[in-house]
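Chain residues, written in single-letter form:
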Amino acid sequence: MSLIEIKNLHATVDGKPILKGIDLTIEPGTVHAIMGPNGSGKSTLSYVIAGREGYEVTDGDILLDGKSILEMEADERAIAGLFLAFQYPVEIPGVANTTFLKAAVNARRKAAGEPEVDAMQFLKMLREKTKLLGVTDEMLKRAVNVGFSGGEKKRNEILQMAVLEPRFAVLDETDSGLDIDALKIVADGVNALRSPERSMLVITHYQRLLDYIVPDKVHVLAMGRIVASGGKELAQELEATGYAGYGEPEAA
Amino acid sequence: MALAARSYPGPLANRHAELSLKLAGAGVGWLDTLRADSAARYRATGLPTPKVEAWRYTNLKDLVGIDFASAPVVGDMALDSLPRASLLAVNGHVLAFVNGRLRPDLSTLDTLPAGVTLLPLSEAIHSDEQALSAHLGRLVEAEENPFVDLNTALMEDGVVLRLADGAVLDKPLHIISVGAVADTPLAFFPRLLAVLGRDARATIFESHAGIGEGAYLSAMASEIVLGAGAHLEHYKLQNESQSAFHVANTRVTVEAGAVYDNFVLQIGSRLSRNEVHTALIGEGASCRLNGAYLGAGKQHLDSTTFIDHAVPVCASREVYKGVLDDQAHGVFQGKILVRRDAQQTDGHQLNRALLLSRQAEVNAKPELEIYADDVKCSHGATVGELADDQLFYLQARGIDRETARGLLIEAYVQEALDEIGNAEARLPFQRLVGGWLKSRKG
Ligand SMILES: Nc1ncnc2c1ncn2[C@@H]1O[C@H](COP(=O)(O)OP(=O)(O)O)[C@@H](O)[C@H]1O
Ligand SMILES: [Mg+2]
């Protein structure tokens, strides 16, 4: 069975139609990329999948393991194995990063009928995951994303993914604002999480990220629809031609 | 009645003559005079209506509608033990009062260090009369505050803490005031006088709580005098029972280089007003007036502060945060006066409120009155709701909505609790805030 099936998905934001019929099937263990011009609806798609309030599905369906998730709250979807790495990670003053991560882990354990995670064990597990991503102890103590640089925020997103071990992750422009070194760290972190059971949808504006996270399939999203699909070579074509013809004028 | 009546008839106003005969220290000349003068003023002024600017947001109509009896006359209730869970959990010297009266059996006064005088007011009237007569009523004589006058007129007991120059109170003093609901609504008037000599240091906790359902009025008045270089940490919990009224007035003078560090958590009562006035009267004096208020149901919680920068090079810092649910009403009034001479004043004020329901309401009135030209003063005020993007971010990680809300509210209050510099003092407040959050759920 496919892990994720998006069928004829139509969605509005504040009553405004943004997604206008998206079809996408993702098999276990595969990485799909979605590219597209700014404003084409990439983040909207990611929010609709994650279950954000105000993003209303007017037609179509999203299936996880063949079952619709549309009636599920965002937290229920996360427990079911979905994960969204935010394009703009949210700052939460007053909540320490570790407190936040522990709450997320315990939410999962509670749903699974398991006891809360042991504090020492949790820290040990966390240390292993932070090493790869260059997340310092100091970053763990700080409030979630508060005072983090752009790169630190993105690494923090991937750290959360590593801790929560989702079955399906949507990475929304995880490359934006990163220099090449930071990009490599993030890509290494993501690649380390690739597995035969885990699928990903990598959203990006630029082909550059896909040199490091090599996708199985590439789709082009323009004006709320998938207008082209292909292998990883499609990304290279787009790099050469730009999004002209896909709803965004070529940069002058 | 006149349309724009500026006052309500004050409860107990006409009973002073009869009550005063039974008060502790009745017959002590200077005290009789002090009480009688205050009673006369109170009778003349009554209690303010919202027509009086300072009381615009806090209406006392429910309070004045109650026929209070003065607690000392009725006597205290039988009470075997203190409601520990409603109090700050701190160790130290304990002076516990039930309906305004000292309960020696619930108090623990250990041996005091040299230079420290710590007495119940009812005893100090006799054994520490000279010092008492020199200070009692001095900080409040210049202003007309009917609640202070009422307190002075009918005060029966309280705490006198005096530290000689350089003296250090070895352990915190915990003042516990419990309102025990009786058949008649009671009013009681605890009094605190704290006089710290040069470079003296002390920590005072106050816990105000109640037992039983029903109305009572707790109207404390405090006078605090800090000599040059003295340091006072003053932490207060207002956790009165749900039908109680709590009106407290604190007046502080801070001499050169001295520090007044105050934090007030208000979570109890039906209506409360906590008013703190601090005068920075010596160069290099500073104060920190911080607090938090958490309201639910129909609670009305008022935090009113006044900081008087009277001389140069003083600093004040003020952070108040409120969380209001249901139909709760919060009031923050913060006035900072920088007098002409008070050059190089450093003043910072922040008050923020979080509304958890559509019917919850907050009135915030920051007021900066600056007459000096070389000053650094800032103030900020925000009122908001829980941020949708933060809630979504937490939920997107699997944290359910209720837990997510709890985390965000706790984080919000934490910003105010972080102003408690002393980690040991922060803990008991944290526990009470946590308890409040838990009681909100489900
Ligand atoms: N909260 C919103 N309210 C109204 N329109 C929105 C909102 N968020 C996004 N949009 C609109 O939806 C479209 C798609 O936006 P988005 O999904 O963020 O695009 P992308 O991520 O591809 O850049 C844009 O036209 C944008 O203006
Ligand atoms: Mg986007």
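This structure is a prediction, so every number in the text was calculated from the model and none was measured.

1. Quick word on the overall build of chain B
And step 1. Looking only at helices and strands, chain B features 10 helices and 24 strands.
And step 2. Computed over C-alpha atoms, the radius of gyration of chain B comes to 21 Å, within 12% of the 22 Å expected from 2.2 N^0.38 for 442 residues, which places it in the range of a compact globule.
And step 3. Each principal axis of the C-alpha distribution contributes one length, and for chain B these read about 70 × 55 × 55 Å.
And step 4. Every one of the 442 residues in chain B was classed for burial, and the buried ones make up 61%.
And step 5. For chain B, the share of sequence-separated contacts (at least 6 apart) that also reach a separation of at least 24 residues comes to 85%.
And step 6. Element-wise, carbon and sulfur atoms account for 49% of the exposed surface of chain B, whose accessible area totals about 16400 Å².
And step 7. Each charge class in chain B was averaged separately, 41 positive and 54 negative side chains, and the resulting centres sit 4 Å apart.

2. Focus on the overall build of chain A
And step 1. Of regular secondary structure, chain A possesses 9 helices and 12 strands.
And step 2. Computed over C-alpha atoms, the radius of gyration of chain A comes to 18 Å, within 12% of the 18 Å expected from 2.2 N^0.38 for 252 residues, which places it in the range of a compact globule.
And step 3. Principal-axis analysis of the C-alpha atoms gives chain A an extent of 55 × 40 × 35 Å.
And step 4. Classification of the 252 residues of chain A by burial places 52% in the buried group.
And step 5. Sequence separation of 24 or more characterises 71% of the internal contacts of chain A that already satisfy a separation of 6 or more.
And step 6. Counting every atom, chain A has about 11200 Å² of accessible surface; 50% of that belongs to carbon and sulfur.
And step 7. Charged side chains of chain A number 28 positive and 37 negative; the gap between the two group centres comes to 4 Å.

3. Quick look at the site of ligand 1
Residue and element names in this part refer to chain A.
And step 1. Taken together, V13, D14, K16, I18, P37, N38, G39, S40, G41, K42, S43 and T44 form the complete shell of residues around ligand 1.
And step 2. One of the backbone N or O atoms of G41 is found 3.1 Å from an oxygen atom in ligand 1.
And step 3. Elements that contribute at least two residues to the shell around ligand 1 include exactly β2 (16–26) and α1 (42–50).
And step 4. Of the residues forming the shell around ligand 1, the biggest block, 3 residues, is contributed by α1.
And step 5. Of the residues assigned to the shell around ligand 1, the class counts are 3 nonpolar, 6 polar and 3 charged.

4. Focus: unusual backbone geometry
And step 1. Even without a glycine there, the phi angle at E173(A) is positive, about 45 degrees.
And step 2. Considering the arrangement of structural elements, one finds E173(A) in the loop between β9 (168–172) and α7 (180–192).
And step 3. In this structure E173(A) comes out as buried when scored by relative accessible area, which is 8%.
And step 4. The residue N99(B) is not glycine, and still its phi comes out positive at about 50 degrees.
And step 5. Among the secondary structure elements, N99(B) is positioned in the loop between β4 (93–98) and β5 (101–102).

5. A closer look at the confidence of the model for chain B
And step 1. Averaged over every residue, the pLDDT of chain B is 94; residues scoring 70 or more account for 97%.
And step 2. Predicted as a complex, the structure gets a pTM of 0.88 and an ipTM equal to 0.96.

6. Here's the deal with the interface of chain A and chain B
And step 1. Taken together, the 32 residues of chain A in the interface contact 15 residues of chain B.
And step 2. For the pair chain A and chain B, the two sides together bury roughly 1900 Å², of which 67% comes from carbon and sulfur.
And step 3. Counting every contact that joins chain A to chain B gives 2 salt bridges.
And step 4. Residue E53(A) pairs with R401(B) through a salt bridge whose shortest N-O separation is 3.5 Å.
And step 5. Connecting chain A to chain B are 9 residue pairs in polar contact (both at pLDDT 80 or more).
And step 6. Sorting the residues of the side of chain A that touches chain B by element identifies α1, α2 (74–79), β6 (82–85), β7 (92–96), α3 (97–111) and α6 (150–164) of chain A as the ones contributing at least two each.
And step 7. Element by element, the count of residues in the side of chain A that touches chain B is highest for α3(A), at 6 residues.
And step 8. Residue composition of the side of chain A that touches chain B, by class: 20 nonpolar, 5 polar and 7 charged.

7. Things to note about the coordination of the magnesium ion (ligand 2)
Residues and elements named next belong to chain A.
And step 1. Of the protein atoms, only S43 (OG) and Q87 (OE1) coordinate the magnesium ion (ligand 2), at distances of 2.1 to 2.2 Å. Of this pair, S43 sits in helix α1 while Q87 sits in the loop between β6 and β7, placing them 44 residues apart in sequence.
And step 2. For S43, a relative accessible area of 19% gives the class buried.
And step 3. Among the residues examined, Q87 registers a relative accessible area of 12% and is labelled buried.

8. Examining the side chain of S20(B)
All names here are of chain B.
And step 1. Examined against the element boundaries, S20 turns out to sit in helix α1 (residues 16–20).
And step 2. What makes S20 buried here is its relative accessible area of 16%.
And step 3. Side-chain polar atoms of S20 contact the backbone oxygen of A17, separated by 3.0 Å.

9. What to know about the sheet that holds strand β16 (residues 259–266) of chain B
All names here are of chain B.
And step 1. In space, the 10 strands of this open sheet follow the order β5-β4-β8-β11-β14-β16-β18-β20-β22-β24, with mixed pairing throughout. Edge strands, defined here as strands with exactly one partner in the open sheet, are β5 and β24 (375–384).
And step 2. Of the pairings in the sheet, the one linking strand β8 (residues 173–180) to strand β11 (residues 201–211) comprises 8 bridges and is parallel in character. Looking at the pairing, V178 lines up with A209 of β11.
And step 3. Sheet contacts for helix α9 (residues 401–417): β16, β18 (286–295), β20 (315–324) and β22 (345–355); angle to β20, the most-contacted strand, approximately 160 degrees.
And step 4. Its contacts with the sheet put helix α10 (residues 423–440) on β11, β14 (231–239), β16, β18 and β20, and the angle it makes with β14 is roughly 15 degrees.

10. Concerning the pattern of salt bridges
Residue and element names in this part refer to chain B.
And step 1. Counted according to the given criterion, the structure contains 37 salt bridges over all chains.
And step 2. Across the pair R103 and D105 runs a salt bridge, and its minimum N-O distance is 2.9 Å.
And step 3. Residue class for R103 comes out buried when judged on its relative accessible area of 11%.
And step 4. The structure contains a network of salt bridges with shared partners spanning E143, R251, R273, E275 and D302.

11. Some thoughts on the packing of α3(A) against α6(A)
Residue and element names in this part refer to chain A.
And step 1. Running from N to C, α3 and α6 point in directions that differ by 30 degrees, and their axes come no closer than 10 Å. In this view, α3 runs roughly parallel relative to α6, as classed from their interaxial angle. The interaxial crossing formed by α3 with α6 has right-handed handedness. Counting all contacts with α3, which are made through N97, F100, L101, A104, V105 and R108, the residues of α6 involved are N156, L159, Q160, V163 and L164.
And step 2. Classifying every residue of the contact of α3 with α6 by side-chain character gives 7 nonpolar, 3 polar and 1 charged.

12. Observations regarding the packing of aromatic side chains
And step 1. Per the counting criterion, the structure on display carries 13 aromatic pairs over all chains.
And step 2. Residues Y47(A) and F392(B) carry aromatic rings whose centres are separated by 5.9 Å and whose planes lie at 80 degrees to one another, so their mutual orientation is edge-to-face. Residue Y47(A) is located in helix α1, and its partner F392(B) is located in helix α8 (residues 388–395); the two belong to separate chains.
And step 3. Residue class for Y47(A) comes out buried when judged on its relative accessible area of 13%.
And step 4. With centroids separated by 5.6 Å and ring planes inclined at 15 degrees, the aromatic side chains of F100(A) and Y393(B) adopt a geometry described as stacked. Highlighted residues: F100(A) in helix α3 and Y393(B) in helix α8, drawn from two different chains.

Criteria and cut-off values
- Residues numbered from 1 in each chain as written.
- Chains lettered and ligands numbered in written order.
- Predicted model: local features only at pLDDT ≥ 70, side-chain atom pairs only at ≥ 80, totals over all residues.
- Heavy atoms only, no water.
- Helix = DSSP H or I, 4+ residues; strand = E, 2+ residues; numbered from the N terminus.
- Rg over C-alpha atoms; globule rule 2.2 N^0.38 Å.
- Buried < 20%, exposed > 50% of the residue type's maximum accessible area, 1.4 Å probe, protein only.
- Contact = heavy atoms within 4.5 Å.
- Areas by Shrake-Rupley, 256 points an atom, 1.4 Å probe, with all protein chains shown as cover.
- Lys, Arg positive; Asp, Glu negative; His and termini not counted.
- Charge placed at Lys NZ, Arg CZ, Asp CG, Glu CD.
- Near = heavy atom within 4 Å.
- Polar contact = N/O pair within 3.5 Å; in protein donor to acceptor, adjacent residues only side chain to side chain.
- Nonpolar A, V, L, I, M, F, W, Y, C, P; charged D, E, K, R; others polar.
- pLDDT = per-residue confidence, 0-100.
- Buried area = accessible area lost by both parts, 1.4 Å probe.
- Salt bridge = Lys/Arg side-chain N within 4 Å of Asp/Glu carboxyl O.
- Donors = N, O, S within 2.8 Å, 3.2 Å for Na, K, Ca; no water.
- Pairing = 2+ DSSP bridges.
- Axes fitted to C-alpha atoms, helices over the stretch in contact; angles between N-to-C directions.
- Parallel < 35°, antiparallel > 145°, perpendicular 65-115°, else oblique.
- Left-handed = near helix turned anticlockwise from the far one by under 90°.
- Phe/Tyr/Trp six-rings, centres within 6.5 Å; stacked < 30°, edge-to-face > 60°.

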